[in-house]
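Coordinate inspection notes
Take a look at the letters that make up each chain.
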Amino acid sequence: MRRIGVIGSFIVAGSLGTWALAAPRADDRAAAQPSLSRQLDLGVVAIEAEIAGDLVRSSGTVIGAEDELVVTSAHAVWGASTIRVTTGIGVLHGRIVARAPCDDLAVIDTQPRLPGLVALRTGEAPAGDALLTAIGRRRAGPGDVGETFVTIPVRQASAGGPARFDPVLPPLADAMRLDASIVPEATGGPIVDRAGRLVAMAQVTDSPGAARNTAVPWRTVRRRLDELRSGPQRLFVGWRSQYRCASAMNAYAAAGHPGFLPGSARLNAPVPATRLPGTEELDE
Amino acid sequence: MTLSRPVRVGLVVLLLAVVVAPAAVVLLDDNADAGTQALRVGRVPSDVVVDGNTVWVVSGRDDRIVTIDAGRPDTVAARYETGAAPLRVAAGSGSVWTANAADGSVTRVDPLVPDAGGRRIPIGSDAVDVAVGPDGAWVSNGLAGTVRRIDTVSNRVVGNPIRTGNFPTALALGANHLWVVNSGDGTVARVDPRENLVVGRRIPVGRDPQDVAVAFGTVWVANRGDGTITRISAVTGRPIGEPIRVGGAPGALAATRDSLLILDTREGHVLELRPDAARARRVSRVPGFPASIAVGAGAAWIVDARNGTVTRLAG
């Protein structure tokens, strides 16, 4: 009988343990913290923008996991007629919902909503010559997922301050120089410290004469993002003062893409419906 | 005290039952509610449709569709190649169709020819969602602000793009019209599928509309941004009453015989809304990151792209 009791105790304890493991938790999303590599897979995206018929590749960083928002370099999507965003949960369609041309930032909304993206943990850029990693992403074919990331070891060469990184684009108000070049496809992508924390965002162009070793500290990007407020239909407002730099961004796009027209860079232009002649004004 | 042999056997059986019962629950259901079963399907399943007894799931990272026999849902029945990064799937005209996000194409798959590539139909624009009806297959084009029609006989895009609004995404066919959700400007456009024209005013709906369904003489729109469901008369195209608040982030819809199922893609709740009811009723909860829902073969099927699962929710 004692033997049965002992065995029974083990069985009940094991059973309760199994039950406890299987029981739903209050917040199973928060509890399921993915590994560092999975966080990068879910938090770094590849962006393909078609601008005046040219394909422009860049990277981006997920900033709102619940809202499926991505921040990237504005110059890489300015005037795009198509934006494709490759994420760890599929290729999605992008729409610009906020732009800051003076700071070369754009916020992209991804459609359709597929929950599961991850915003990277953030931190301060370490002082001195601590090793950092610039991460970019490029869409690849099936089975090539592991090969789509570009990782470039870099160190901070100079601390934040004003810096010109492209001959045409306005200088960045707060940028840091790195000791190595970053490929243009990694622009908009994160620069992380050894713990995988997001400390800066790469800002490089492929223009002749451009400095390809520039990044913006994440605290500066975050401060700018915090200015945004919800606007109509998921657009964001708060960056009106940035539009003084729109002409420079137009000039950059026109120099790189001969077919570019400034009208194609209008944000959220209304789309008139296809209707019977004479009823076109019905929605107004 | 000495227990008789039958009593001892009974105790052991009871203890074993205590052990085995939760283990069985773990095997069949590691979810929040009873009556659910999570199946691992593909690498990134982002959408699901049920046709007869077959469940079709798109797997974006594999560039393929996989099927499950609803009667034996523990195994993948067949695989079909598609275009690059399929996101959405629809069934109709004897075929299954995928909207392929990465190459701006639609793939038409013949269910009778598994393990083969379907017919790839270039759209000339983004392919966001696809719907199929007697007048053709329809594809929404996102940033272009248009939908395009595919002739299901010639498998070609026909006619000019139809401008519907800002960033059209979800599509549904019903009540002799194509209903297009313009996620960019928060409206729904009603398209005459024979004339290729938008009919009447575009109907304002809630914030960040994500899905549309036509059932019970009503067009239902899931507004993910403000947690509401907008009802539109399928006959007049006018809103019916105030939007129904369901809370959370309603991101996907599916109609059963007598009600509408709403998937809250933030909290994982599945809600039921009867056609004449003013409030939705919570019926289940799916853990993880549920993205899309379909109904058929006596169950609801919910895909989770991040975890690579399809959850069967018994009817």
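Residues numbered from 1 in each chain as written. Chains lettered and ligands numbered in written order. Predicted model: local features only at pLDDT ≥ 70, side-chain atom pairs only at ≥ 80, totals over all residues.

1. Observations concerning the overall build of chain A
Secondary structure assignment for chain A yields five helices and 14 strands. Considering chain A as a whole, with its 284 residues, one finds that 44% of them fall into the buried category. (Helix = DSSP H or I, 4+ residues; strand = E, 2+ residues; numbered from the N terminus. Buried ≥ 20, exposed ≤ 12 C-beta atoms within 10 Å, placed from the backbone.)

2. As for the overall build of chain B
Assigned secondary structure in chain B consists of one helix and 28 strands. When the 315 residues of chain B are sorted by exposure, 55% land in the buried category. A sequence separation of at least 24 residues applies to 41% of the contacts in chain B between residues at least 6 apart. (Contact = placed C-beta atoms within 7 Å.)

3. Some thoughts on the domain arrangement of chain A
All names here are of chain A. Here chain A is partitioned into domain 1 (36-118 + 228-260) and domain 2 (131-221). Each of domain 1 and domain 2 has a C-alpha centre, and the two are 16 Å apart. Listed by partner, the interface residues are 29 residues for domain 1 and 23 residues for domain 2. Of all the elements in the fold, those that place two or more residues in the side of domain 1 that touches domain 2 are α3 (36-43), β1 (44-51), β2 (54-64), β3 (69-73) and α5 (246-256). Residue composition of the side of domain 1 that touches domain 2, grouped by class: 16 nonpolar, nine polar and four charged. (Domains from an automatic or database assignment. Nonpolar A, V, L, I, M, F, W, Y, C, P; charged D, E, K, R; others polar.)

4. Comments concerning the nonpolar core
Among the nonpolar cores identified, the biggest contains 162 residues, and A:V77, B:V57, B:V130, B:V188 and B:I262 are the most heavily contacted of them. Once you skip the residues sitting within four places of it in the chain, B:V57 turns out to touch B:V41, B:G42, B:P45, B:V48, B:I65, B:V66, B:I68, B:V303 and B:V310. (Core = buried A, V, L, I, M, F, W, Y, C linked by C-beta atoms within 7 Å.)

5. Details of the sheet that holds strand β23 (residues 260-264) of chain B
All names here are of chain B. In space, the four strands of this open sheet follow the order β22-β23-β24-β25, with antiparallel pairing throughout. Of all strands in the sheet, those with a lone pairing partner are β22 (250-255) and β25 (281-285), marking the two edges. Averaged over neighbouring strand pairs, the angle between their axes works out to 25° when direction is ignored. (Pairing = 2+ DSSP bridges. Axes fitted to C-alpha atoms, helices over the stretch in contact; angles between N-to-C directions.)

6. A word on unusual backbone geometry
Backbone torsion omega between A:Q111 and A:P112 reads -10°, so that peptide bond is classified as cis. One can find A:P112 in the loop between β6 (105-111) and β7 (131-137). Its identity as a non-glycine residue notwithstanding, A:D104 has a phi of 55°, on the positive side. Relative to the helices and strands, A:D104 resides in the loop between β5 (90-100) and β6. Of note, B:F167 is a non-glycine position whose phi angle comes to about 55°, a positive value. Tracing the chain through its elements places B:F167 in the loop between β13 (156-163) and β14 (168-174).

7. Notes on the sheet that holds strand β19 (residues 218-223) of chain B
Residues and elements named next belong to chain B. Here we have four strands laid out as an open sheet, ordered β18-β19-β20-β21, and antiparallel in their pairing. The open sheet has two edge strands with one neighbour each: β18 (209-215) and β21 (244-245). Strand direction decides the pairing type here: β18 and β19, joined by six bridges, are antiparallel. Among the inter-strand pairings, V212 is bridged to a residue of β19, identified as V221.

8. Focus: helix α4 (residues 218-225) of chain A
Residues and elements named next belong to chain A. Within the sequence span of α4, burial applies to W218, V221, R224 and L225. The buried residues of α4 occupy an angular sector of 125° when the element is viewed end-on, so they sit on one face. For α4, the elements touching its buried residues are β2, β3, β5, β6, β11 (198-202) and β12 (214-217). (Arc of directions from axis to C-beta.)

9. So, α3(A)
When we look at burial in α3(A), the residues that qualify are A:L40, A:D41, A:L42 and A:G43. Where α3(A) is buried, its residues meet β1, β2 and β7 of chain A.

10. Section: the pairing of strand β4 (residues 80-87) of chain A
Residue and element names in this part refer to chain A. Among the eight residues of β4, six are classified as buried, and the element is accordingly described as predominantly covered. As judged from the six bridges shared by β1 and β4, these two strands associate in the antiparallel manner. Across the sheet, the residue bridging to E50 is T82, located in β4. Two strands pair when backbone bridges link them, and β4 and β5 are joined in this way by four bridges, in the antiparallel orientation. Note on β5: the bridge partner recorded for R84 is H93. The turn joining β4 and β5, which pair antiparallel and follow one another in sequence, is formed by two residues.

11. Observations concerning the environment of A:S207
Residue and element names in this part refer to chain A. Turning to its location among the elements, S207 is positioned in the loop between β11 and β12. Note: C-alpha distance between S207 and R38 (169 residues apart in sequence) is 33 Å. Ignoring anything within four residues of it in the chain, the contact list for S207 reads D166, P167 and V168.

12. Some remarks on the pairing of strand β27 (residues 299-304) of chain B
Residues and elements named next belong to chain B. Most of β27 is tucked away: six of the six residues are buried. With burial as the criterion, each face of β27 is covered, one bearing A299, W301 and V303 and the other bearing A300, I302 and D304. In terms of strand pairing, strand β26 (residues 290-296) meets β27 through six bridges, oriented antiparallel. Paired with P290 across the bridge in β27 is D304. Two successive antiparallel strands, β27 and strand β28 (residues 309-314), enclose a turn made up of four residues, where G308 displays a positive phi of approximately 70°.

13. Considerations on the environment of B:V303
Residues and elements named next belong to chain B. Relative to the helices and strands, V303 is located in strand β27. Look at V303 and you get buried, because 31 C-beta atoms sit within 10 Å. Spatially, the C-alpha atom of V303 lies 5.5 Å from that of S292, the residues being eleven residues apart in sequence. Residues in contact with V303, not counting those within four places in the same chain, are P45, S46, D47, V48, V57, A291, S292 and V310.

14. Section: the confidence of the model for chain A
Per-chain confidence: chain A averages 85 in pLDDT, with 86% of residues scoring 70 or above. Per-residue pLDDT stays below 50 along residues 1-27 of chain A; that stretch engages in 25 contacts with residues further than four places along the chain or on separate chains. (pLDDT = per-residue confidence, 0-100.)

15. Points about the confidence of the model for chain B
Residue and element names in this part refer to chain B. Residues of chain B with pLDDT of at least 70 account for 89%, and the chain-wide mean is 89. Note that residues 13-32 has pLDDT below 50 and, in this model, 31 contacts with residues that lie over four places away or in other chains. Complex prediction metrics read pTM 0.87 and ipTM 0.86.

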